[in-house]
Structure formats: structure tokens, C-alpha cells
Amino acid sequence: MSVPLWPSFWPAPAWRSPSDDGNIIALRVAPNAAPIEADQPVVVTGSRLARRGFTAPTPVTVVDAEELKLSGTQNVETLLNQNPQFIGSQNNGPTANTVPGGTATLNLRGFGAQRNLVLVNGRRFAISGTDGTTDINTIPAALLKRTEVVTGGSSAVYGSDAITGVVNFIMRDDFDGVEVSTQKRWDGHTATPTYTVDLTLGGNFADGKGNAVVSLDYLNRGSITRGERGGYAFYSLSDGCVTSASWSDDKPGTPQSVPSGQTCVGAGGRMGLVSGGSGDIPAGRFFGIPTYGSAQSNPGLDAALLAAGLQSAGARGFTFDGAQARPALTPKDDYNLGPENYLIIPQTRWMANTFIHYDFNEKVTAYLEAHFSNNVVNMQLAPTNINGNFLLNVNNPHLSSQMQEVLRQLDMRETGPQSITQGTLTYSTTPNDGLAVLGIGRRLLEVGDRFNSSERNVFRTAFGIRGNLGNASDNFLRDLNYDLYYSYARTQNTDSQRGSASRSRYAQALLSQNGQAPVLDVFGADSISAAGAAAIAINSTNVQTAQQQVVVANLSGEAFDLPAGPVDFNAGFEWRHNEARYTPDTFLSSGDVSGFNAAKPTGGSVAVKEVYGEVRAPILADLPFARRLNVNGAFRYSEYDLKGVGGVWTYSLGAEWSLNRSITFRSQFQHAIRAPNVGELYGGQSLQFASATDPCSSRAPSAQQTVAVRTLCEATGVPSAAVFGTGVQPNTIIGNTIGGNPNVGEEQSDTYTFGAVFTPSFVPGLAVAIDWYSIELDGAIAPLGGGLQNTLNLCYTIIADANSEFCKAITRSNTTGEITSPNYVVTTNANTGGIKTSGIDVDGRYTFRTDWGLFDGGSRFDLGAIWTYTDEFTGTPVQALPHLKNYCVGAYGPTCGQPIPQWKGVSRITWKNGPLTLSLRDRYIGKVTIDRYLLPKRAGGTAPALESLTRPVIEGQHYFDLSFAYQLPAHVEIYGGVQNIADKDPPVVGSSQANANTWAATYDVEGRVFFLGAKVNF
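For clarity, every value in this text was computed on a predicted model and none was experimentally measured. By convention here, each chain's residues receive numbers from 1 onward along its written sequence. Reporting of local features is limited, given that this is a predicted model, to residues whose pLDDT is at least 70; pairs of side-chain atoms are given and counted only at 80 or more, and all residues count toward the totals for whole chains, interfaces and linings. Side-chain numbers here rest on the full set of heavy atoms in the structure, without hydrogens or water.

## Observations concerning the overall build of the protein chain
Secondary structure is summarised from DSSP: a helix means a run of H or I of at least four residues, a strand means a run of E of at least two, and numbering begins at the N terminus for each. Regarding its fold elements, the protein chain presents 14 helices and 48 strands. Just to be clear, the radius of gyration here is over C-alpha atoms, and the globule rule we use is 2.2 Å times residues to the power 0.38. Rg of the C-alpha trace for the protein chain: 31 Å, near the compact-globule value of 31 Å for 1018 residues, within the 12% margin. When the backbone C-alpha atoms are referred to their principal axes, the protein chain occupies close to 105 × 60 × 55 Å. Three labels apply to residues, based on accessible area from a 1.4 Å probe with only protein chains included: buried if under 20% of the type maximum, exposed if over 50%, partly exposed otherwise in between. Counting only residues that meet the buried cut, the protein chain has 60% of its 1018 residues in that class. Contacts between residues were defined by any pair of non-hydrogen atoms, one from each residue, lying within 4.5 Å. The long-range fraction of contacts in the protein chain, counting pairs at least 24 apart against all pairs at least 6 apart in sequence, stands at 74%. Per-residue and other accessible areas were derived by the Shrake-Rupley procedure at a 1.4 Å probe size, with only the shown protein chains allowed to occlude residues. Within the structure as shown, the protein chain displays about 36,700 Å² of accessible surface, and the carbon and sulfur contribution to it stands at 56%. Here Asp and Glu are counted as negative and Lys and Arg as positive; His is not counted, and neither are the chain ends. One atom stands in for each charge, and that atom is NZ of Lys, CZ of Arg, CG of Asp or CD of Glu. Across the protein chain, the centroid of the 74 positively charged side chains sits 1 Å from that of the 88 negatively charged ones.

Here you go:
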């Protein structure tokens, strides 16, 4: 999809202790230690070559085990998503109460989870489904040694998917002893706990030739509903005009009436939050009837409406109080979806990991990695609704005689045959046949809440041999090392769903069968009987499987000598085969379901054969102003079995120039690709629902309700009387049908980085890295127009042509103008979009010691910070229209998605004295402005006045966390802390939010959180 719809975020720092072996990373060096020299080579993520100095051409950030402990991390993605290189993944993680869901992914630089590569110990891990991403739920925090994050395209080194970089989880695979750890985490508002228990056993065998490690991990996270959280999360909030006296930045105000022709402010009100929700309500909302006295009505219908008390009913239709019909009102009648929905989804996880290696001799070491995990994640949603046009008998016995007459008049005024399709059932009606067409939107409380239980089982194994082959000669091909391995991974996910309703059974149950009264009475609250609910309720199931096989043969060593030192090389072959399949049941695949998204089956595979190489050559060494000057390059040729891709090249070129021990400059260029995944290629059409604004509805900003837009709305099927009315979009969500394309090609990106590392000898303990980056992606695989909201905008406010492909993709009701079934807004995948981002990463640390302390031995203070300044984040939804861009840096909203602040960072100060560690962390998310204001302003158009928008600006947010660790005798350590000490609520943004009235994947939604843990080593 195009960048404006991809959530983004930027991650926080993790600082390595000087006692760690952390000298391997670009900045993560022991501040008081000398840089690594040639006799200390190590491999760093981003290259397969052993580093001979502590710097690398590509910046690498490290999160180590100490940071995991001090931050109370139980799910690894939670910590990484706080770091400034990452943007929130809206549909993944603990706050993602979405179906399909239950996974946790990483969104590096905001380009989407499918555009960064996840490795474990430098090797590809299991893929979770048809999108080819890795579920971070499969990574055990207790077994992590460190996590290395590389910015920028790394396809030349690692292959497809590494568009924005690589996240490499390094495990403790050489452990001797027994370690037991446990932790409890709970929030201050509901005291809902999350428990983890971890057991790690390891030991050497065969006189130290071998080592085996086994880790068992258990996690149990409790659920929190929005009703349990209360406060900002309880209501379904929307934008609206409220009285000045009732205005609040986190609670609904009293609606202010705005006379025609006036603005909210002009009427004495203020744009704020109002109680909103769904227009599909428990008592039923009925629409599609011409208004009393209108040109679409007639004398007979007018008389019937008057007798039924519906002479003042508008486009929103009518509802029932008991047996009495009355006009439907907003927001009074809207259904609050909030209380039943999860704010934090529950999770139960069992995991086992095994690492074994055995040294036969110095030339052959055999190794094995094995993983199994079982994740169960449940989602709970408010009761389902059904909305659409249905047929009713004009003599329906559940209706009063006055309402029966209204239906009879509707039947009489029909102009010809008409077909009504719901799910797998199609009915036809003709004038005076005793059947009337009526729009119905009803919340089915009688069926109960919706539940989706997602159970994901992951198995992965890798086995191989590695070793040192020695020298081919004294001058060429020396110190040769090989690594040959095969890995196999399989993921199976089963979604079991209940609380849905069959659209066809609903349509059938509304009609008389064999002269009997209709089973379903939808006219009023609590009107559906137990038999009626049973007649329409269904359960559904879908199964998704994914398999990945990888074969790698790798050879590295020293090719030959130059005057400045040896030339290091790496070369190899890789074969990968990804296969995935999504199998929905008949309800889901036929579309005969309301409650969970319908979807077509998907299945296919992607295979590739690759050859690659990498080289680093020392040009200068040990000279004035050139302590070290190295250049490096890499290439990879990939041959895909896809007709849209074929053979592709990726490559990189970089340099590292160390003036002296204090200053090093580095730069890198990388050309990377991403091949389409199974879902993008072979995905069957599926129906999704997302928050969006219909430009033809009353929800559109007043500044965009122009004559030109009105004309387009009428040309695309909105009745003239309904344009900009409430009936055009009664709900905040709109359906979107998407699907795969087997001819889609690869995405391509270019990454540039340039930076410097400062470790000044005159300031012992100080290390600072400053790196500029630029990533530009072309041919982004995306739905038509870049997504739902972009397609609507392109149709009505940008292209502004009713005959454009964007307008033709929209299906509307010919009576209300509402975007409706069966197709809603239809898009198809293509290499349509582009994304560009650039900015500066600043990563620094200062360590010093004092004689002062509560315990003997003095104290050590560690001050660290990692910040990102995002200078540009631009999406081009359709590259065929390059002048149409969304400049999303510093913005949030329906087009740009998750907040993308210019500044984001994490700072930490840690005091260590004897057995005691105290640490204070500050997490900062910078100011953002709503895209409805920023995008037209930056495009040179007319931006709406800030006062006409609700929550136009979200100010910068600071979250302070305090933690401790204390080492007890007998190898026992206790640790704990408080996150969000001030108990700060997230910013509430009304209609422009994605979940729980805020951007839950970006801001803290739980409030103050406590954690306490213990670790014992034997």
C-alpha cells in the first residue's frame, strides 16, 4: 500500500554495559576501551564480513539484555517499537484488536512490516502467513543476548525484503548452567497482570567440544476492555461542534446546533469531541425512504409517513421506541462500540528453543537450532451489525398497521423489477408484489459479542556445518571459513470465530415462509427472539499455513594482501522457497458473513536462486589523517520463478575513513529490491473495513464541501438531496475490497547514508554517532490509489473526474448514496506507489565514574540517548501522477496514518553502585498536526482553518520510566520499575484515530504500569 496509509514509528536506545562484549557495534563500544583492532574480528549485522574495527559503513543500533531487563520487556516488539527508527504497527501487537490479527511485527522507518527483514542469529526465521512477515511473538525475551538494527537496504547481503533494513535477534546459544526468571507486569487502572516464566538450561559435553542449550518460556497476558479502562477509552468519540462551556480534550461535549450557512465558531461553539459510534443500532435503523413532501415521494406515501409519525424523518431514516416508529437521531441513537472492544488483547504463549553445536575438529562444527511455539491470542469485538437493502412483506405482522401502509406505498411506487442480493441469496421484487425494499442497519445484540481465537503454531529448525579450511596458499585465499546450512519453518494459524451472522439467512428470516410470520423481528430493541438469533448466527473458521525453506552455502576469508592490509571477501549461493495458503470456510469465502471480514482463498509459492558476493579492501592504513580507509562493495543476483520479476540485481558500495582514534566518517549506497509475497500475487478478493471519510458525506471537512465536489458526488451516484448529508456515511468505517495480481513486479529502493562517529580521546567515556539517511522506494506494491482513503481523495478532490478509475472503483446505494455492498471500494494490487524518507539519527553515550556511593567501590553513571530527526516522509500514491504527493512528516490522520513526528527519541540515565542499579528513561514523541490541514497546505491548496478541526495538533509527549535492579547473594537478582510515572493518558483525537479514540500503537494507552521480576542462576 502507499506510504500515507502505513503506520510509522521510530525506536528507543539500549545501552551496552562496558563489561559487555559490545565493542562490535558502530557506536555500542565500551566508552573507556580502545576500538577493536585487527586481531579481534567479529561479524556485525549488515555484512557477512568480519569487522576489523568498531565502526562499519552502515549504522547499526543495538538493544541488549540489560535494556530488556530495565524496561520490563516481556514482548520484544513492545520495546523495539519505542525506538525512534520504528513507527507503530496499527494492526499488530497488544493493542491491535483486529481480525485477522494476533501477530506482532516491526515497521522500520514506517515503510511497512513487509519491507524489513527479520533474522535470528543471522538467518531467516519463520514467516507467519501470506504476507511473508515474521511474527515477533516467536522471539523469547529471556533468551536474547542482543538485537541489532541496521538501517537501509541490505538486499545485496541478505536478499529480498531488506528495503528499509534488517532486525537481527542474537540468541544465547552457548550457555552453561541453569537460569530461572519470572516477571509480573500490571497496569494501575485495572491491575490486569501479565506473567512470564522462563527456564534456560545449558551445558558443555564431550570434554567441551559440544554445548547444548534448552529454553522453555511461558507468557500469559490478561485482557483489558475499553470499558474496563474507562476514561478516554470508554466512548466512541467523533468530531463535532460542541458548546464552548462543555468542550474537553478527552471527553464528549454537548453538541452545539449550527444554523445553515454558519460555522461552528460563528454559532458560538467550538470544534470538539462528541459521543459517536455506529448508526447501526440495537433498535434498528431503517432508511432509503423518500422524505415527506419531497419530489421523490407522492401523496400516498406522504399520508402514510404522516400517519406513522415519520413526517420529519430525514436521510438518516427512522428507528423504534418500543412499537412506535420515530425519526433516527445522531448522535443520540448511535451505538457506542467502545466498552466491549479490547484495548489490550490477551495472549497465552508456550515456547521451546534448542541450540546444539559439536566441534568434530577445527574444520567441522555441526550445529542445530530448533524452535516450537504455541500462541493463542483472542480478540473481542462489539456485537456485529448488518447493513444493506432488504425485502420485507408489506403485511409484516411485527409492524403496526401504519408502518405496514408505509411499506405498501413503497411497494406501489417501485418502477420495475429489482434484485436484492445478500450473501449467497438473491431475491427479486416487482411493483405491487407484496414486497418492499427497505434499508436496514441493525446491531445484533441478541447474537452476542464477536470473538476470534487465533491459535498459531510455529516450528522451525536449522542445521548445518561450519568450520575453518585454512589457507589455499600463503598469498591468496587465506583463513577460509565456510558455512553450509538448511532451514525449514512451518507456521499454521487457525482463526475460530463466533458472533457472526449470515447475510442470506438474515434476508430469508425477514420474510414470511409458507404463510408463517417471519422468524426475525428487527423492529425495536430486544425484539429478536432466541429462535431468531439462532436462525442467523453462524461460526466461521479460517486456516493459514506458511512454509519457508532456505539453503545457504557461504565461503569467506582473505583474498589477497594490499599494502594497507588484507582484502576480505565473502561469496555464496542461496535458495529459498516460500509457500503460503489461506483457506477460509464457505461463509467467509462466499461473502455470506457479517461480523468478520469475508475473504477468498489464497495460495501460491515464490522460489528464488541467488549468488552473492561481498568484498572489503583497505586502501590506506596508519598514515596521518588516514588511520584507516576501507572501501567495500556487495552484489547479489536473484532469479525468481515469477513472470513479473525474473532476474534482478542488487548491489552496494561504501567507505569508512578513520582520521584517527577520535573521528571516523562512513558512507554507504545500497540498491535493494523486494519481490512480491504470496498474498500480493495470489490473494483472493477480500473485504476489509477501515476508518475513512467519504468526501460526499457530512463527515467531510466543511472547506471541502464545495460545488465541484457536490457535482462529482451526484455524477457518481449520490442523490442530489443526500450530498453532504448524514445518510451518506452513517458509520465511521467503510468497506474496501482488495485482491492480488500475479503479474506484479518487484519493488526497488535506493538508500544513501553518510555519518561520523566521534570517540574523542580528550573526553574519556564519550561516544557519539551522527548519521544522515535517505531511502527512496519505487514501484511500491499497493492497492489502487494507495488505499481506501487515497482512492476516495483521488476521485473527488484530486483527479476530480467521474470517469477516472478511482471513481469507478466506488459502489454506492442509488437511494442513500452510501458506499455499500457488495463491492464498496474496489482496488487491485499493482506497482503503483512510491515512498521517500530522509533524516538524521543521533546516537550518543557518556559514561563516567565517581568515588561516591551507598556501597563500596564508587559509582558509575551511564548517560545515553538515541534520537531521530525525520526531515521527509513523502508518499506518492500513484507514480503515474508524480505531482500528487502526500507530505506526511510531522502529520497524522486518515491519509498519513500513524503519527510521524519530526523528532522522536529515548534518553536514559543509569546509576550503578555495587549491587544496585537505578535508571530513569525518557521516551519522547514529537508534535504532529492532522493531515487534513497539513496536506493541502503543503500541496499549495486551501487548508481548512485550524479552528474548524478537532484536535488539529497533538503536542509532544514525554513518558518517564523508573526502574531498578539489585543483585542478592546466591546468584539471585531482583528488578522492577514503573512506566509512565505520571500516568499520562494518550492524546484523544476523535474521528481521525485508528483505535480507542487515539493512535494506540504510538502512544501509551494503559497509563501507569508496574513490573517486578526475579532471576536465579545455578
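## Digging into the packing of aromatic side chains
Classification of ring pairs uses Phe, Tyr and Trp, with its six-membered ring standing for Trp, and accepts pairs whose centres are within 6.5 Å; under 30 degrees between planes counts as stacked, over 60 as edge-to-face, and the remaining range as tilted. Per the counting criterion, the structure on display carries 28 aromatic pairs. Their ring planes at 80° and their centres at 5.1 Å tell us that Phe234 and Tyr235 sit as a pair that is edge-to-face. On the basis of relative accessible area, Phe234 is assigned to the partly exposed category, the value being 29%. Plain terms: the ring middles of Phe665 and Phe754 are 6.5 Å apart, the flat faces sit at 15° to each other, and that makes the pair stacked. Taken as a pair, Phe665 in strand S31 (residues 663–674) and Phe754 in strand S34 (residues 747–758) lie far apart in primary sequence, 89 residues in all. Residue class for Phe754 comes out partly exposed when judged on its relative accessible area of 46%. Among the aromatic side chains, those forming a connected cluster through ring pairs are Phe286, Phe318, Phe320 and Phe523. Criterion for a charge above a ring: Arg CZ or Lys NZ at most 6 Å from the ring centre, at most 35 degrees from the ring normal. Of note, Arg123 hangs over the ring of Tyr485, and the distance from its end group to the ring centre comes to 5.0 Å. Arg270 extends its terminal NZ or CZ atom over the ring of Trp247, reaching a point 3.7 Å from the ring centre.

## A few points about the pattern of salt bridges
By definition here, a salt bridge exists when the distance from a side-chain nitrogen of Lys or Arg to a carboxyl oxygen of Asp or Glu is within 4 Å. Summed over the entire model, instances satisfying the criterion amount to 43 salt bridges. Of the charged contacts, one joins Lys69 and Glu66 as a salt bridge, the two residues approaching to 3.3 Å between their closest N and O atoms. Of this pair, Lys69 and Glu66 both sit in helix H1 (residues 65–70), 3 residues apart, which is roughly one turn of the helix. Across the salt bridge formed by Arg576 and Glu574, the nearest N and O atoms sit 3.1 Å from each other. Like Glu574, Arg576 is buried.

## Here's the deal with the state of the cysteines
Here, the term disulfide refers to a pair of cysteine sulfur atoms separated by no more than 2.5 Å. For the coordinates displayed, the defined rule picks out 4 disulfides. The disulfide partner of Cys696 is Cys713, and the gap between their sulfur atoms is 2.0 Å. Looking down the S-S bond of the Cys696 and Cys713 bridge, the torsion is -95°, so its handedness is left-handed. One end of the pair, Cys696, is in the loop between strand S32 (686–691) and helix H11 (707–715); the other, Cys713, is in helix H11, with 17 residues separating them in the sequence. Overall, Cys713 belongs to the buried group, its relative accessible area being 0%.

## Section: the nonpolar core
Buried residues of nine kinds, namely Ala, Val, Leu, Ile, Met, Phe, Trp, Tyr and Cys, make up a nonpolar core once their side-chain atoms join them within 4.5 Å. In terms of nonpolar packing, the biggest core is built from 36 residues, with Phe318, Met403, Val406 and Tyr506 touching the most fellow members. Of all elements in the fold, only helix H5 (299–308), strand S15 (318–321), strand S20 (385–393), helix H6 (401–412), strand S23 (435–443), helix H7 (503–509) and helix H8 (530–536) reach the threshold of two or more residues within this core. In this view, Phe318 contacts Gly284, Arg285, Phe286, Ile289, Leu310, Ala325, Arg326, Pro327, Ala328, Met403 and Leu438; residues no more than four positions away in its chain are not counted.

## Focus: empty space enclosed by the protein
Buriedness for pockets is judged along seven lines, at least five of which must meet protein on both sides within 12 Å for an open set on the 1 Å grid over protein atoms alone, while cavities are sets there where a 1.4 Å probe fits but cannot get out, and lining residues have an atom within 4 Å of a point. Grid points are joined across faces, edges and corners, and a volume is the space filled by probe spheres set on the points. In total, this model carries 12 cavities of 30 Å³ or more according to the counting rule given. As a volume, the largest cavity reaches approximately 750 Å³. In this structure, the largest cavity is lined by 41 residues; those nearest its centre are Thr78, Gln82, Pro94, Arg185 and Glu1006. Of all the secondary structure elements, the ones that give two or more residues to the lining of the largest cavity are helix H2 (76–80), strand S9 (193–205) and strand S43 (916–925). Taken together, the residues of the lining of the largest cavity break down into 14 nonpolar, 19 polar and 8 charged. Quantified by volume, the second largest cavity comes out at close to 400 Å³. Going through the elements one at a time, strand S4 (117–120), strand S27 (565–584) and strand S28 (602–623) are the ones with two or more residues in the lining of the second largest cavity. The greatest single-element share of the lining of the second largest cavity, amounting to 3 residues, is contributed by S27. Each residue gets one label: Ala, Val, Leu, Ile, Met, Phe, Trp, Tyr, Cys and Pro are nonpolar, Asp, Glu, Lys and Arg are charged, and the others, such as Gly, are polar. The class makeup of the residues in the lining of the second largest cavity is 13 nonpolar, 12 polar and 5 charged.

## Some remarks on the side chain of Thr461
The topology assignment puts Thr461 in strand S24 (residues 450–470). By relative accessible area, Thr461 is classed as buried at 14%. Within the local environment of Thr461, its side chain forms a polar contact with the backbone oxygen of Glu369, the two atoms lying 3.1 Å apart. Ignoring sequence-local partners within four residues, the contact set of Thr461 consists of Leu368, Glu369, Ala370, Tyr486, Ser487 and Tyr488. Whenever a nitrogen or oxygen atom comes within 3.5 Å of another N or O atom, the pair is scored as a polar contact, on the condition that within protein one atom can donate a hydrogen and the other can accept it, and that pairs from neighbouring residues in sequence are kept only if both atoms are in side chains.

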